[in-house]
Amino acid sequence: MNAYTPTEWALFTIPMTIAWGGVLLVCMWLIPCPEHLKPKNNQGKRTSNYHKFYNNYPSILHAVSAVVLGIIYAFKEEASFGQPNNTFGSFIMLNSYSYLLYDTIASELLFHPDLSMRFHHILGVSLFGGSLFYDQSASELAYMLFIVEVPNPCNLYREILKLTKETESEKYF
């Protein structure tokens with residue numbers, strides 16, 4: 001039996017995916033745009049780099065949440081390999097599944113990702129969605145997610161520094 005029925009899965013996934021979009025909007029409202037990326041300095045258009053700049057912030061938040069949830073899962077939950085998902089493991093999968101759905105939609109609409117990013121999205125949606133659908137592998141994927149996401153906030157911050165033309169600053173190194 002699945003940890004979530006298809007109806008519950010949709011009822012959780014849709015609002016969580018929309019919430020990740022809300023995170024993007026809050027970032028766009030709170031974080032000042034670098035002058036060279038502002039639409040007024042680009043013939044009134046929001047460029048691909050404008051969207052990449054802002055989309056890095058929800059990505060950082062997802063990476064941090066995945067690491068924190070992974071630590072909680074590893075040390076507080078009874079994570080067991082080869083067993084059906086427990087509720088917390090399913091929540092971790094749902095969080096990442098919803099984030100990847102948001103990120104896929106946002107990147108396709110806003111800055112047209114390259115083939116490697118599309119492959120990353122397809123693989124992630126398939127893995128996390130499969131874990132939820134088949135009620136298996138949350139432990140394995142939660143540990144994998146923890147390992148993969150640990151360096152991500154730093155990498156994404158470096159990307160923000162590139163977009164703000166701060167590659168020569170001490171923060172970049």
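Predicted model only: the values in this text are computed from it and were never measured.

Engineer: Explain the overall build of the protein chain residue by residue, including any values.
Structural biologist: In terms of regular secondary structure, the protein chain is built from six helices and zero strands. Reading the secondary structure of the protein chain in the N-to-C direction produces α-α-α-α-α-α. In terms of principal-axis extent, the alpha carbons of the protein chain reach across some 55 × 35 × 30 Å. Residues counted as buried form 40% of the 173 residues belonging to the protein chain. Taking as baseline every contact in the protein chain between residues at least 6 positions apart, the subset at least 24 positions apart corresponds to 72%. A total of about 10,000 Å² of accessible surface is found on the protein chain, and carbon and sulfur atoms cover 66% of it.

Engineer: With reference to specific residues and values, describe unusual backbone geometry.
Structural biologist: The phi dihedral of D135 falls on the positive side, at around 60°, and the residue is not glycine. By the secondary structure assignment, D135 is in the loop between α4 (115-134) and α5 (138-149). The buried category is assigned to D135, whose relative accessible area is 7%. Positive phi outside glycine occurs at S137, with the angle close to 70°. Here S137 lies in the loop between α4 and α5.

Engineer: Break down the pattern of salt bridges for me, citing the residues and quoting the values.
Structural biologist: A full pass over the atoms with the stated rule returns four salt bridges. With a closest N to O distance of 3.2 Å, E35 and K38 form a salt bridge. Classification of K38 by relative accessible area gives partly exposed; the value is 26%. A salt bridge links K162 to E159, with the nearest nitrogen and oxygen atoms 4.0 Å apart. Note that K162 and E159 are positioned in helix α6 (residues 152-163) at a spacing of three residues, about one turn of the helix. Looking at K162, the relative accessible area reads 43%, which means it is partly exposed. Among the charged side chains, a salt-bridge network with shared partners connects E35, K38 and K40.

Each value, and the rule that gives it
Residues numbered from 1 in each chain as written. Predicted model: local features only at pLDDT ≥ 70, side-chain atom pairs only at ≥ 80, totals over all residues. Heavy atoms only, no water. Helix = DSSP H or I, 4+ residues; strand = E, 2+ residues; numbered from the N terminus. Buried < 20%, exposed > 50% of the residue type's maximum accessible area, 1.4 Å probe, protein only. Contact = heavy atoms within 4.5 Å. Areas by Shrake-Rupley, 256 points an atom, 1.4 Å probe, with all protein chains shown as cover. Salt bridge = Lys/Arg side-chain N within 4 Å of Asp/Glu carboxyl O.

Limitation: the analysis is restricted to geometry and does not speak to function.
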